[in-house]
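Survey of secondary and tertiary structure
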Amino acid sequence: MSGRVIDGAAIAAGLVARLAGEVSADLAAGHAAPGLAVVLVGNDPASRVYVRAKGRRAVEAGFRSIEHVLPEDTAEADLLALVARLNADPEVDGILVQLPLPRHIAAAAVIAAIDPAKDVDGFHPVNVGRLSIGEDALVPCTPMGAMMLLRSVRRDLAGLEAVVIGRSNIVGKPMAQLLIAADCTVTVAHSRSRDLPAICRRADILVAAVGRPEMVRGDWIRPGALVIDVGINRLPGSDGKGRLVGDVHFGEALAVAGAVTPVPGGAGPMTIACLLANTLKAARARRGQRFDPLATDA
Ligand code: NAD
């Protein structure tokens with residue numbers, strides 16, 4: 001048996017195109033384009049690449065992109081003051097402070113300072129709480145994208161056994177909440193779990209968000225399972241640049257799974273698309289209109 005490859009790049013492009021259509025309709029109705037403010041502190045090279053990509057995709061889809069690049073030695077109080085200004089700015093619908101922050105800044109304090117209504121990363125405790133009690137929330141982008149990829153293969157996930165490997169606030173925990181909301185039976189495995197392969201073999205849905213290259217092998221996967229590989233790991237390559245692999249051994253998974261996401265081109269491209277979806281949701285909510293990204297077909 002050979003599984004199907006879930007084309008995250010194509011699904012993300014389709015979502016961005018639909019969002020661009022929604023933004024055009026808003027503009028035609030006399031509303032401003034949704035505004036996304038991205039704040040980067042310091043010189044982390046990966047963060048610079050992400051921030052640039054976010055800004056570019058936002059503009060391509062008709063959003064307004066506002067970038068604030070602050071030096072590495074920015075004081076926490078100055079960053080909090082910028083967040084307060086963005087909270088109060090009517091032209092800003094979504095605020096994203098790129099993580100990780102330099103060590104002298106408490107990320108939790110900065111996240112807590114963002115207006116929950118503009119918290120397009122979905123990391124504010126109010127949004128985390130709303131998601132966990134099943135109320136409307138801004139949902140973290142990577143797990144939201146993973147849900148859309150699952151739904152692109154199978155709409156009704158009710159009753160399925162789902163295993164999430166990883167319990168981070170950014171991916172693992174919100175992923176588990178979304179799967180619970182989709183009526184799955186959810187197990188969260190992590191670094192202290194016993195017999196991970198046996199836990200994984202129970203899964204109809206397996207989501208790996210660990211950060212360990214090709215950890216999940218073919219014989220961990222139940223035949224026909226849906227496998228979402230969130231991991232992004234760079235392995236050294238002969239060209240000096242290296243190559244990206246996920247947390248799942250793709251070749252082995254493809255031979256067993258019903259469907260599997262590749263790395264790159266699977267879960268990764270969905271994250272920025274979902275950030276834009278959240279920004280549109282926040283913009284619409286600010287004028288009393290509802291937009292539910294997870295209810296739109298990905
Ligand atoms: P994290 O380091 O915060 O969390 C990793 C989790 O994996 C932890 O909960 C830990 O308990 C678990 N873990 C570690 N070793 C394990 C082991 N041997 N067995 C089982 N569980 C183990 O990482 P994160 O931020 O959740 O990111 C996870 C991966 O997803 C990384 O590769 C990251 O680069 C990637 N990621 C991708 C996107 C995207 O596609 N846009 C977004 C966020 C994270």
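Before reading further, recall that the structure is shown in the block above.
So, a few notes on the structure that sits alongside this text. (Residues numbered from 1 in each chain as written. Predicted model: local features only at pLDDT ≥ 70, side-chain atom pairs only at ≥ 80, totals over all residues. Heavy atoms only, no water.)

Topic: the overall build of the protein
Worth spelling out the cut-off: Helix numbering and strand numbering both begin at the N terminus, where a helix is a DSSP run of H or I of at least 4 residues and a strand a DSSP run of E of at least 2. Throughout, radius of gyration means the C-alpha value; the globule benchmark is 2.2 Å times the number of residues raised to the power 0.38. Residue contacts are counted whenever heavy atoms from the two residues lie within 4.5 Å of one another. Using a 1.4 Å probe, the Shrake-Rupley method yields the accessible areas, and only the shown protein chains count as cover for residues.
Along the backbone of the protein there are 10 helices and 11 strands. Scaling as 2.2 N^0.38, a compact globule of 298 residues should have a C-alpha radius of gyration of about 19 Å, and the protein matches this with 19 Å. Projected onto its principal axes, the C-alpha coordinates of the protein cover approximately 55 × 40 × 40 Å. For the protein, long-range pairs separated by at least 24 residues make up 69% of all intrachain contacts whose partners lie at least 6 apart in sequence. Total accessible area on the protein is roughly 13300 Å²; 54% of this is exposed by carbon and sulfur atoms.

Things to note about the pairing of strand E3 (residues 64–70)
Two faces make up the sheet, and in a regular strand the side chains alternate between them. Where we set the bar: Only strands joined by at least two bridges in the DSSP assignment are considered to pair. A clockwise path from the first strand over the helix to the second, with the strands pointing away from the viewer, defines a right-handed crossover.
When strand E2 (residues 35–41) meets E3, the two strands line up parallel, connected through 7 bridges. In the sheet register, Val-38 faces E3, and the bridge partner there is Glu-67. Between the parallel elements E2 and E3, the chain passes through helix H2 (residues 45–60) in a crossover that is right-handed.

Focus: the side chain of Thr-279
Note the following rule: Remark: exposure states derive from per-residue accessible area (1.4 Å probe, protein chains only) relative to the maximum for the residue type, with buried under 20%, exposed over 50%, and partly exposed in between.
Position of Thr-279 relative to the elements: it lies in helix H10 (residues 267–286). Looking at Thr-279, the relative accessible area reads 0%, which means it is buried. Apart from the residues lying within four places of it in its own chain, the contact partners of Thr-279 are Pro-34, Gly-35, Leu-36, Phe-63, Asp-93, Gly-94 and Val-120.

Details of the site of the ligand
Put simply, the rule is: Nearness here has a simple test: a residue counts as near a molecule or strand if at least one of its heavy atoms is within 4 Å of that partner. Distance and chemistry together define a polar contact, namely a pair of N or O atoms within 3.5 Å, with one atom able to donate a hydrogen and the other to accept it when in protein, and with adjacent residues in sequence counting only for side-chain atoms on both sides. Any residue outside Ala, Val, Leu, Ile, Met, Phe, Trp, Tyr, Cys, Pro, Asp, Glu, Lys and Arg is labelled polar, Gly included; the first ten of those are nonpolar and the last four are charged.
Around the ligand, the structure places 20 residues, and the nearest of them are Arg-167, Ser-168, Ser-191, Ile-232 and Thr-271. One nitrogen or oxygen atom from the main chain of Ser-191 is found 3.1 Å from an oxygen atom belonging to the ligand. In this structure, Ile-232 approaches the ligand through a main-chain N or O atom, which is 3.0 Å from an oxygen atom. Relative to its unbound accessible area of 860 Å², the ligand is 71% covered by the protein chains. When its residues are assigned to classes, the shell around the ligand shows 8 nonpolar, 10 polar and 2 charged.

Brief notes about the sheet that holds strand E8 (residues 226–229)
The test is simple: Axis definition: a line fit to C-alpha positions, over the contact stretch in the case of helices; interaxial angles, taken between N-to-C directions, run 0 to 180 degrees.
Pairing is parallel in the open sheet, where 6 strands are placed in the order E1-E11-E8-E7-E5-E6. The open sheet is flanked by strand E1 (4–5) and strand E6 (185–189), the only strands paired with a single partner. Where strand E5 (residues 161–165) lies against E6, 5 bridges are found, and the strand directions are parallel. Considered in E6, the bridge of Ala-162 is made with Val-186. Relative to the sheet, helix H6 (residues 141–153) contacts E1, strand E7 (205–208), E8 and strand E11 (259–260), its axis offset from that of E8 by approximately 155°. Here helix H7 (residues 172–181) sits on the sheet in contact with E5, E6 and E7, set at roughly 170° to E5.

Shape is all these values report; function is a separate question.
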